[in-house]
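Listed here are the chains, written in short residue letters.
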Amino acid sequence: MMFDLIIRGNLVLENEVMYGEIGVQAGKIAEIAQPGKLKSLNMQDFGDCFVFPGMIDAHVHCFSNPHEGFAATSESAAVGGLTTILDMPYDLAAPITNLARFQQKVERLEKEALIDIGLWATIAKSGGTQQIGLLADAGAVAFKMSTFETDPHRFPEIADSEIMKAMTLISQTGLRAAFHAENNEMIKQLTESYIQQGRLDPLAHMETRPPVTETSAVLKLLEFAYWTGVKLHIVHVSHPRTIDLAMIYKQMQVDVTTETCYPYLLMDAYDLERFGPKAKNNPPLRLPEDVVGLWDHQLQDHIDLITSDHAPWGSDKKEVGNTNIFEAASGMPGVEILVPLMFEWAVVKGGISPVVLGKWLSQHPAEVFQIQGKGKITVGNDADFTVIDQDQSWIIDEQAFKSHSKLSPFHGREVQGKVIQTIVRGTTVYDGFEVKVKPGFGRFVAGAAVKKGAYQ
């Protein structure tokens, strides 16, 4: 058989790294074999480089900044080795709380995306639960809600009674109910107190969001999930005790999954003090001993996946916090650096098998969010690959980011391990130097509850 394409290199399979070949046919993985077994007029030989299953970032905000959008984020993601991203629903100025907005977003995605993208949905602050079934049928990959209020319209705190209604309905769809879990009342009171005291320095952000503001919110949600039977997902875990609680509830048969983000593993509160608004995110960076505790959980596979929580703010939204940290927007860009930073941290410096990294950044996101045809190098799956040269080093340059957001506390850092190719459905999207496809190449990835026939 003559294949459309052969990929050769150190293949990161589900349970081993194998030097071999992948035969690609019609955008799918058709065969995996020893070197020299397959035939094609089109061979890409990556030598000793690692060929990972296409990396997936399950937590991305393309439209929290309307200057960003699908085109910029997906281009940045492609350069960073991501083949699929899941976009959050907190769009400015119209969060994805109803069917009409969801369908409009799908149409825009199909015109602008350079890689494959799935879409999260959310609910309005009150009275929005009736849209859950419609959004699930339309292909929402999961539902995101918050116990903390950033904005009553775009990013509201959802009341307990509404959360219980939402969880009950989401459980019927088989999708996950995910939460930004922070204690709104406690944080607001502490923040007000610090402002009155004139404590506006960067560390004040962490001190007004102590670990109990995360763990108390998480504990409530775990108990709600116990009584409703919903599949629960806790996003951007910043503290090891959150994982301790999740593990306890797993023993009580609660289906709970967790994620952390690259800043919580690679930075601590003293970086917040050093970089100020650039390093501000919610929840905040934690103390060094908390970071070590999070590492321990990650290395023991207690945390399901790692994400970027890509938040593409411009400098205008960050620099206002130079004299008052509470004025700065929270979050930082990450789709372009998540994969190489985690490769360096885990494989190069940590001696962790590439197989494990492939699970954190590809297989587990696909499994947690039930993304069919992605997450593993196996026959029948999409021919999505992230190729990393472990011998190349490079310097992070925030001004070179393809995202609208050109600021990062990792600016100027040398990284060992470079993405040299991003392949989506058998097509090279990024060749190590430039993006090779046009907007519209990316496809909408429908959620597992999508109504049959909704997308042909």
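These numbers come from a predicted model, not from an experiment.

> Any chance you could explain the pattern of salt bridges here in plain terms?
When their charged atoms lie close together, side chains carrying opposite charge are able to pair. Scanning the entire structure with this criterion turns up 24 salt bridges. D160 is paired through a salt bridge with K220; the nearest N and O atoms lie 2.8 Å apart. Placement of D160 in helix α4 (residues 160–173) and of K220 in helix α7 (residues 211–228) is noted, with a sequence separation of 60 residues between them. Exposure remark for K220: the relative accessible area of 27% places this residue in the partly exposed category. We note a salt bridge from R209 to E182, for which the minimum N-O separation is 2.9 Å. Residue R209 is found in the loop between α6 (202–207) and α7, and its partner E182 is found in the loop between β11 (176–180) and α5 (184–197); the two are separated by 27 residues along the sequence. Given the relative accessible area of 0%, E182 is considered buried.

> When you look at the packing of helix α8 (residues 240–250) against helix α11 (residues 288–299) in this model, what are you seeing that I'm missing?
When two helices pack together, their arrangement is given by the angle between their axes and by how far apart the axes lie. Closest axis-to-axis distance for the α8/α11 pair is 8 Å, and the angle between their directions is 40°. Across the interface between the two elements, P240, I243, D244 and M247 of α8 pack against D290, G293, L294 and H297 of α11.

> Please explain the pairing of strand β3 (residues 17–25) as it appears in this structure.
Regular strands show a simple pattern: their side chains alternate between the two faces of the sheet. Two elements, strand β2 (residues 5–12) and β3, share 8 bridges in a ladder whose sense is antiparallel. Within the sheet, the bridge partner assigned to R8 lies in β3 and is E21. Where β2 folds back on β3, the antiparallel hairpin that results is connected by 4 residues. The turn linking β3 back onto strand β4 (residues 28–33) is made up of 2 residues, and A26 within it adopts a positive phi angle of 55°.

> Would you mind going over the pairing of β2 with me for this structure?
The buried fraction of β2 is high, at 8 of 8 residues. As judged from the 5 bridges shared by β2 and strand β6 (residues 43–53), these two strands associate in the parallel manner. Looking across to β6, one finds that I6 is bridged to M43.

> Is there a simple way to think about the environment of A346 in this case?
Relative to the assigned elements, A346 resides in helix α13 (residues 338–348). Overall, A346 belongs to the buried group, its relative accessible area being 0%. With 332 residues separating them in the primary sequence, A346 and E14 have C-alpha atoms 17 Å apart.

> Can you help me understand the sheet that holds strand β9 (residues 116–119) in this one?
Two orientations exist for strands paired in a sheet by backbone hydrogen bonds: parallel and antiparallel. Strands sit in the order β7-β8-β9-β18 across an open sheet of 4 strands; the sheet is parallel. With partners counted over all chains shown, the strands left at the sheet margins are β7 (55–60) and β18 (444–445), one partner each. Looking at chain direction, β9 and β18 are connected through 2 bridges and run parallel. The partner of G118 across the bridge, within β18, is V445.

> What is the right way to look at the state of the cysteines in this model?
One covalent bond between the sulfur atoms of two cysteine residues makes up a disulfide. Applying the stated criterion across every chain, the model contains 0 disulfides. Of all cysteine sulfurs, the one in C261 lies closest to C62, which takes part in no disulfide; the gap is 15 Å.

> Where do I start with helix α2 (residues 99–112) in this structure?
An α-helical segment advances 3.6 residues per turn. Residues three or four places apart therefore align on the same side. The end-to-end C-alpha separation of α2 is 20 Å, in line with the 20 Å expected for 14 residues at 1.5 Å each. Here α2 has its buried residues at F102, K105, V106 and L109. Summarising the axial view, the buried residues of α2 lie within an arc of 105°, below the 170-degree limit, and thus occupy one face. In α2, the exposed positions angled more than 90 degrees off the buried face are occupied by Q104 and K111.

> Is there a simple way to think about the packing of aromatic side chains in this case?
According to the stated counting rule, one finds 11 aromatic pairs in the structure shown. Here the aromatic rings of F102 and F444 are separated by 6.1 Å at their centres, their planes lie at 75°, and the arrangement is edge-to-face. Residue F102 is located in helix α2, and its partner F444 is located in strand β18; the two are separated by 342 residues in the primary sequence. By relative accessible area, F102 is classed as buried at 0%. The ring of F148 has R209 lying over it, and the distance from NZ or CZ to the ring centre is 4.4 Å. Taking NZ or CZ as reference, R425 lies 4.5 Å from the ring centre of F441, over its face.

Calculation criteria
Residues numbered from 1 in each chain as written. Predicted model: local features only at pLDDT ≥ 70, side-chain atom pairs only at ≥ 80, totals over all residues. Heavy atoms only, no water. Salt bridge = Lys/Arg side-chain N within 4 Å of Asp/Glu carboxyl O. Helix = DSSP H or I, 4+ residues; strand = E, 2+ residues; numbered from the N terminus. Buried < 20%, exposed > 50% of the residue type's maximum accessible area, 1.4 Å probe, protein only. Axes fitted to C-alpha atoms, helices over the stretch in contact; angles between N-to-C directions. Contact = heavy atoms within 4.5 Å. Pairing = 2+ DSSP bridges. Disulfide = S-S within 2.5 Å. Expected span 1.5 Å × (residues − 1). Arc of directions from axis to C-beta. Phe/Tyr/Trp six-rings, centres within 6.5 Å; stacked < 30°, edge-to-face > 60°. Lys NZ or Arg CZ within 6 Å of the ring centre and 35° of its normal.

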